[in-house]
Amino acid sequence: MTSLDGKPATTGHRLRPGGMRLTDLRPLMARRRDGALSFDRFRADPTVAALRWPDDVLEQFLFDHGDNPAFVDDYNTIDLHTITWQLETLPAAHFTAMPTGAFDEGCIEDYAKNPVHWVTVRPPQVARCWEKQGTWLRAPLLIERRLLDPDTAGLQVLEGRTRVGVLRGRLREHLHVAPEHRAWVGRP
């Protein structure tokens, strides 16, 4: 395989038996941090392209947070090749008690305490979307919790903790919230 510049494509590592973990992306993430890797080049890397994930999921999870120590601590046990992503529509009620990773435990509730603030510090189109459609502008990422622990059921917020917090806060404050919301859901 060749990279976008025509040179042999390398990621600087070999896949471990049993799949790919977040820590296997360290060489790519180092290049991204150094500014040497755009999202287009990141998703074209053979290691990342082999996942066959939607661009929105690649960007929100791996490109934006793949080297975030909290994400690595919470999600490095998952074989990334075993996740299949689907854009799904879920009832608002499903998000009211949905947890996030252990490292960020409680942060969704912190965002829910002041949903108006967390919308106003975002670009204006975010506030317009909440006011007119009662939902987020960009679908958050959820995963089945059994990917982390086979004995655990339900969904967990992987990325989009602020969005889910805003939803919870708006529900509590009786602000406009749509009955259903789109989210990327990762399942085994």
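Residues numbered from 1 in each chain as written. Predicted model: local features only at pLDDT ≥ 70, side-chain atom pairs only at ≥ 80, totals over all residues. Heavy atoms only, no water.

(A) The overall build of the chain, seen in detail. Within the chain one finds 9 helices and 4 strands. Secondary structure of the chain in N-to-C order comes out as α-α-α-α-α-β-α-α-α-β-β-α-β. Over its C-alpha atoms the chain spans a radius of gyration of 18 Å, differing by no more than 12% from the 16 Å that the globule rule assigns to 188 residues. Projected onto the principal axes, the alpha-carbon positions of the chain cover approximately 55 × 40 × 25 Å. Here the chain, with 188 residues, has 46% of them falling under the buried criterion. (Helix = DSSP H or I, 4+ residues; strand = E, 2+ residues; numbered from the N terminus. Rg over C-alpha atoms; globule rule 2.2 N^0.38 Å. Buried < 20%, exposed > 50% of the residue type's maximum accessible area, 1.4 Å probe, protein only.)

(B) Here's a closer look at the confidence of the model for the chain. Mean pLDDT over the chain stands at 90; residues scoring 70 or higher make up 90%. Predicted confidence is poor over residues 1–17, with pLDDT under 50, and the contacts of this stretch with residues over four places away or in other chains come to 29 contacts. (pLDDT = per-residue confidence, 0-100. Contact = heavy atoms within 4.5 Å.)

(C) Geometry of unusual backbone geometry. The backbone phi angle of Arg52 is positive, close to 60 degrees, even though this residue is not glycine. The topology assignment puts Arg52 in the loop between α3 (46–49) and α4 (55–65).

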